[in-house]
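If you want the building blocks of each chain, they are given just below.
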Amino acid sequence: MPKQPVFDGHNDVLLKLWKYADHEDAVSQFIAGCAGHIDVPRSQKGGFAGGFFAIYVPSPDLGIDMDVDMIKAAYELPLPSPVEYQDALPIALSQAAILLEMERQGAVKICHQVSDIRNAHKAGVMAAIMHMEGAEAIAADLEALDVFYAAGLRSLGPVWSRPTIFGEGVPFRFPSDGDIGEGLTDVGGALVRKCNELGVLVDLSHLNEKGFWDVAEISDAPLVATHSNACSISLQARNLTDAQLKAIGDSKGMVGLNFATAFLRPDGKMLRETPLSDMLAHLDHMIAMCGEDHVGLGSDFDGATVPVGITDVAGLPRLVQAMRDHGYSTTRIDKLCFENWMSVLERTWK
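## Focus on the pairing of strand β6 (residues 153-157)
So, point 1. Within β6, five of the five residues are buried, which leaves it mostly tucked inside the rest of the structure.
So, point 2. Pairing geometry for strand β5 (residues 126-133) and β6, over four bridges, is parallel. Looking across to β6, one finds that His 131 is bridged to Ser 155.
So, point 3. A crossover links β5 with its parallel partner β6, the connecting element being helix α7 (residues 143-151), and its sense is right-handed.
So, point 4. When β6 meets strand β8 (residues 201-202), the two strands line up parallel, connected through two bridges. Residue pairing in the sheet places Leu 156 in a bridge with Val 202 of β8.

Quick look at the structure:
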């Protein structure tokens, strides 16, 4: 049986490669095989057709050991301080340049429309959507958004888990929902409208609940959370309530299953020893809330601890097999793994 192609809602490959001293060499290693969750050889082995490649500006080290704190029965990690535009912009440009170098070296095809993704898949080339996770590299005048759009940006999350001039993110907190802090700022509303005008997808993952509902009121596009799970199963601030999931389905939007174990497990612990059945429980619930046409995968590869049963991108066929064993039809599996992302992008991009 041919491998099921997987199109994925989120990865942090660009951050991984940005940490290399020599970015061109980092891309060469990505093509040949490198550390982490994703590279070209393992992607071919696992049927990874591509996904959203995040431009992400890291916070200064806060002296927090997430591996220790996030295995406690309850925790709340402090929100990092805001990152200023002048500090964020060079890092974001550098990561965008890495993705452009990946395309030059033949590792990916940067895609601006769904036909680009399908053509890349037919050609056996990884399809990449340039995404921005946290919009610190865009100032209040929004001029940088036009420049990043010209470079290929087609998806943007206004915040990561720290405040920006656009809104507030949620902390890593368990047990908790995302009803934390204020909603979008005025310039955050302007950012959403500008994204609608350009046809840039607005990513609601990491945005707090008030911000989510502000986007729902302002935006004329489908509501999309690229890598989020269900609060009803794992009461994490990063996960979505049933009301949010239903709103995503009603808007003909999309939610991508996050593989990070702390957001999967009912006990909220970031442990590799997490069964694939926890992933299926979230899929079942999100399908029940959103409908099977509005759920997909959003792994967070190279940015999270994922279940040992998957380990990396080469392990995706084990998740697909678990879906089959769970009773999902071939049609449903193809929707969850690939076609639903194509459909929501058709409804969002211009």
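Moving on from the coordinates now.
## What to know about the packing of α7 against helix α8 (residues 186-198)
So, point 1. Two elements in contact, α7 and α8, have axes separated by 11 Å at closest approach and are oriented at 30°. Relative to α8, the element α7 lies roughly parallel. Here α7 and α8 pass one another in a crossing that is right-handed. Only Leu 191, Lys 194, Cys 195 and Leu 198 of α8 make contact with α7, whose side of the interface consists of Leu 145, Asp 146 and Tyr 149.
So, point 2. Class assignment for the residues of the contact of α7 with α8 results in five nonpolar, no polar and two charged.

## What to know about the nonpolar core
So, point 1. Membership of the largest hydrophobic core comes to 85 residues, with the highest contact counts inside it found for Phe 30, Met 102, Leu 156, Phe 259 and Met 323.
So, point 2. If we ignore the near neighbours within four places in the chain, the residues touching Met 323 are Leu 280, Leu 283, Leu 297, Tyr 328, Ile 333, Leu 336 and Cys 337.

## Thoughts on the pattern of salt bridges
So, point 1. Inspection of the entire model under this criterion finds 15 salt bridges.
So, point 2. For Lys 109, the salt bridge identified is with Glu 103, shortest N-O distance 3.9 Å.
So, point 3. The salt bridge partner of Arg 162 is Glu 136, with a shortest N-O separation of 2.7 Å. Note that Arg 162 is positioned in the loop between β6 and β7 (173-174) and Glu 136 in the loop between β5 and α7, a separation of 26 residues in sequence.
So, point 4. Here Glu 136 falls in the buried class, since its relative accessible area comes to 5%.

## Describing the sheet that holds strand β10 (residues 254-257)
So, point 1. With respect to topology, three strands assemble into an open sheet ordered β9-β10-β11, the strand pairing being parallel. Unpaired on one side and paired on the other, β9 (224-225) and β11 (295-297) mark the two borders of the sheet.

## Notes on helix α13 (residues 330-348)
So, point 1. Spanning 19 residues, α13 covers 26 Å between terminal C-alpha atoms, matching the ideal 27 Å at 1.5 Å per step.
So, point 2. Along its length, α13 shows its largest kink, about 60°, at Leu 336.

## Details of the packing of aromatic side chains
So, point 1. Here the structure, examined in full by the defined rule, presents nine aromatic pairs.
So, point 2. A centroid spacing of 6.2 Å and a plane angle of 65° characterise the contact between Phe 7 and Phe 52, whose relative ring orientation is edge-to-face. One end of the pair, Phe 7, is in strand β1 (residues 6-11); the other, Phe 52, is in strand β2 (residues 48-55), and 45 residues separate them in sequence.
So, point 3. Note on Phe 212 and Trp 213: the rings are 4.9 Å apart at their centroids and 80° apart in plane angle, and the pair reads as edge-to-face.
So, point 4. Here the aromatic cluster, defined as three or more aromatic residues joined through ring pairs, consists of Phe 7, Phe 52, Phe 338 and Trp 341.

So, how was this worked out
Residues numbered from 1 in each chain as written. Predicted model: local features only at pLDDT ≥ 70, side-chain atom pairs only at ≥ 80, totals over all residues. Heavy atoms only, no water. Buried < 20%, exposed > 50% of the residue type's maximum accessible area, 1.4 Å probe, protein only. Helix = DSSP H or I, 4+ residues; strand = E, 2+ residues; numbered from the N terminus. Pairing = 2+ DSSP bridges. Right-handed = clockwise from strand over helix to strand, strands pointing away. Axes fitted to C-alpha atoms, helices over the stretch in contact; angles between N-to-C directions. Parallel < 35°, antiparallel > 145°, perpendicular 65-115°, else oblique. Left-handed = near helix turned anticlockwise from the far one by under 90°. Contact = heavy atoms within 4.5 Å. Nonpolar A, V, L, I, M, F, W, Y, C, P; charged D, E, K, R; others polar. Core = buried A, V, L, I, M, F, W, Y, C linked by side-chain atoms within 4.5 Å. Salt bridge = Lys/Arg side-chain N within 4 Å of Asp/Glu carboxyl O. Expected span 1.5 Å × (residues − 1). Bend = angle between axes of the 7 residues up to and from the residue. Phe/Tyr/Trp six-rings, centres within 6.5 Å; stacked < 30°, edge-to-face > 60°.

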